[in-house]
Structures are given as structure tokens and as C-alpha cells.
Amino acid sequence: MRVWICIGSSCHVRGSKEVIETLTGLVKENHVKAEIELAGSFCMGACSKGVSVRIGERIYHVRPEDAKDFFYEVILKEAERCG
Ligand code: FES
């Protein structure tokens, strides 16, 4: 499963670098590198309160401080669902 993280200027200011670092660390820690691929994306046209993260057709807005919860509550569950 691929997780797109926006690195456009608006999301950059909102902490995309921190979100990427947190998620990269969690992917390693949980040994799910084969299942979850993190990828950078240009502006998704969805600039909002947090960093835009897209999984499939769905775009989430993730603040750096929420990245860990987002990983466990959304990314891991989606990855399990996708098999
Ligand atoms: S800069 Fe990230 S959605 Fe626009």
C-alpha cells in the first residue's frame, strides 16, 4: 500500500518533514516496510490545517504531533485491510 505525503509549500510549513520522519521511523519499528510504502507528493490541492496525506482516494490532514496516532489508527489498519 502506498501512502502519499504532501511536500508542497503549504504542507511543508505545516510540518511535512516531521510527519515523514515520524512515519518512516514507525514503518521501520513495526517491520512493515514490505507492506507500506511512503512517497512524497506535490500539492494535492487540499491544503488545510495539517499535512495532506493520501491513501487511495482519501486525503487526510495530519499534524506532526498526531502522526504517530495516525500511523496506528489509520495507516496500519488500512494496510491490514488491503492484505
Ligand atoms: S501544499 Fe499540500 S495539499 Fe497543498
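An unreviewed UniProt entry lists the chain under the name (2Fe-2S) ferredoxin domain-containing protein, from Dorea phocaeensis.

The next point concerns the nonpolar core. In terms of nonpolar packing, the biggest core is built from 23 residues, with Ile36, Phe70, Phe71 and Ile75 touching the most fellow members. When residues of this core are traced back to their parent elements, those giving at least two are strand E1 (2-6), helix H2 (16-29), strand E3 (51-55), strand E4 (58-62) and helix H3 (67-82). The greatest single-element share of this core, amounting to seven residues, is contributed by H3. Apart from the residues lying within four places of it in its own chain, the contact partners of isoleucine 75 are Met1, Val3, Leu23, Ile36, Ile55 and Phe70.

The next subject is the environment of serine 16. With respect to the element layout, serine 16 can be found in helix H2. Taking the C-alpha atoms as reference points, serine 16 and arginine 63, separated by 47 residues in sequence, lie 8.4 Å from one another. Apart from residues lying up to four places away in sequence, serine 16 is in contact with Cys6, Ile7, Cys11 and Val51.

Right, let's get into the pairing of E4. With five bridges connecting them, E3 and E4 associate as antiparallel partners. Of the residues in E4, the one forming a bridge with valine 53 is tyrosine 60. Counting the residues that bridge the hairpin from E3 to E4 gives two residues, and of these glycine 56 lies at a positive phi of roughly 60 degrees.

Attention now moves to the sheet that holds E1. Read from one edge to the other, the open sheet built from four strands follows the order E2-E1-E3-E4, with strand pairing classed as mixed. Lying at the two open borders of the sheet, with one neighbouring strand each, are strand E2 (37-41) and E4. For this sheet, the mean angle separating the axes of adjacent strands, direction not counted, is 30 degrees. Packed onto the sheet, H2 meets E1, E2, E3 and E4 and runs at close to 155 degrees relative to E1. Sitting on the sheet, H3 touches E1, E3 and E4, and the angle it makes with E3 is about 15 degrees.

The rules behind the values
- Residues numbered from 1 in each chain as written.
- Predicted model: local features only at pLDDT ≥ 70, side-chain atom pairs only at ≥ 80, totals over all residues.
- Heavy atoms only, no water.
- Core = buried A, V, L, I, M, F, W, Y, C linked by side-chain atoms within 4.5 Å.
- Buried < 20%, exposed > 50% of the residue type's maximum accessible area, 1.4 Å probe, protein only.
- Helix = DSSP H or I, 4+ residues; strand = E, 2+ residues; numbered from the N terminus.
- Contact = heavy atoms within 4.5 Å.
- Pairing = 2+ DSSP bridges.
- Axes fitted to C-alpha atoms, helices over the stretch in contact; angles between N-to-C directions.

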